[in-house]
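# A closer look at the structure
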Amino acid sequence: FRSQAAAHPFEIQGRVLNKAAGVVRFRASDPTIDSYGEIIDPDGWMFNQRWDKNPVVVNSHNYSDIRFILGRGIRREVTGNALEIDVEFAINVPSNEAARAAFEMLDSGFLRACSVGFMPQKYAFPWSEPQVWQDAVKLVSGKYHLKPEEIAKLRGIHLEQQLSELSVCVLGANDNALAKA
């Protein structure tokens, strides 16, 4: 299991969709090469095993205790080249100070990043069989119009992945995994 987030070279203003209900939309992942040198193919997202049964949103990939639950996913959609997730923060749960703090930080623009936690299902790495790696590189480079210098940075390609959780965090691996206007 490895956690990762998403990004793109444009500015996204962090705003809530519904302040009273504590709902925020996130661009959770896209095919940007992340800080690990990896790409997650948006077409490979799978939800039915974990996410749809328990769409948990946690604080910085910490799911060791219920105190780290910030909210729940109420909508998820792969749209264009991005996985978008709407989160309902547990702001109306009196004992959940962390959810209120995270929501207030998002609402005020001081916090914007998120990161996906997932179980890889189909992937390729440079140490994979050469043909597996070459086929994966060819697929994502053609699909997402990667430049030669971007291809040279690739260290892993996730072609199918099971979403486990979404984390609100200080820094995600993907520069584009942010609260979205």
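Preceding this section is the structure that the text describes.
Remember, it's a predicted structure, so these values are computed and weren't measured experimentally.

## Structural notes on helix α1 (residues 97–108)
- Between its first and last C-alpha, α1 extends 16 Å over 12 residues, near the 16 Å set by a 1.5 Å rise per residue.
- Every buried residue of α1 is accounted for by A99, A102, F103 and L106. With its buried residues spanning 95° around the axis, α1 presents them on a single face. Facing away from the buried surface of α1 by more than 90 degrees, the exposed residues are E97 and E104.
- Remark: G109 follows α1 within two positions and exhibits a positive phi of approximately 90°.

## A closer look at the pairing of strand β10 (residues 156–168)
- Burial analysis of β10 places 12 of its 13 residues in the buried class, the great majority of the element.
- The pairing of strand β4 (residues 38–40) with β10 spans three bridges and is classified as parallel. Considered in β10, the bridge of I40 is made with H158.
- Note: strand β9 (residues 114–124) against β10, 10 bridges, orientation antiparallel. From the neighbouring strand, A124 faces β10, where its bridge partner is I157.

## Comments concerning the nonpolar core
- Membership of the largest hydrophobic core comes to 26 residues, with the highest contact counts inside it found for F26, F89, V116 and L166.
- Counting only elements with at least two residues in this core, the list comes to β3 (23–29), β8 (82–89), α1, β9 and β10.
- Residue contributions to this core peak at four residues, all from β8.
- Core analysis: the next-biggest nonpolar cluster, separate from the first, contains 11 residues, I39, A136, V140 and Y144 among them.

## Observations regarding the packing of aromatic side chains
- According to the stated counting rule, one finds four aromatic pairs in the structure shown.
- Consider the rings of F89 and F103, whose centres lie 6.0 Å apart with planes at 50°: the pair is tilted. Remark: F103 occurs in helix α1 and F89 occurs in strand β8; sequence separation between them is 14 residues.
- According to the relative accessible area criterion, F89 is buried, its value standing at 2%.
- Plain terms: the ring middles of F125 and W127 are 4.9 Å apart, the flat faces sit at 0° to each other, and that makes the pair stacked.
- W127 gets classed as exposed once you look at its relative accessible area, which sits at 69%.

Reading the values: the criteria
Residues numbered from 1 in each chain as written. Predicted model: local features only at pLDDT ≥ 70, side-chain atom pairs only at ≥ 80, totals over all residues. Heavy atoms only, no water. Helix = DSSP H or I, 4+ residues; strand = E, 2+ residues; numbered from the N terminus. Expected span 1.5 Å × (residues − 1). Buried < 20%, exposed > 50% of the residue type's maximum accessible area, 1.4 Å probe, protein only. Arc of directions from axis to C-beta. Pairing = 2+ DSSP bridges. Core = buried A, V, L, I, M, F, W, Y, C linked by side-chain atoms within 4.5 Å. Phe/Tyr/Trp six-rings, centres within 6.5 Å; stacked < 30°, edge-to-face > 60°.

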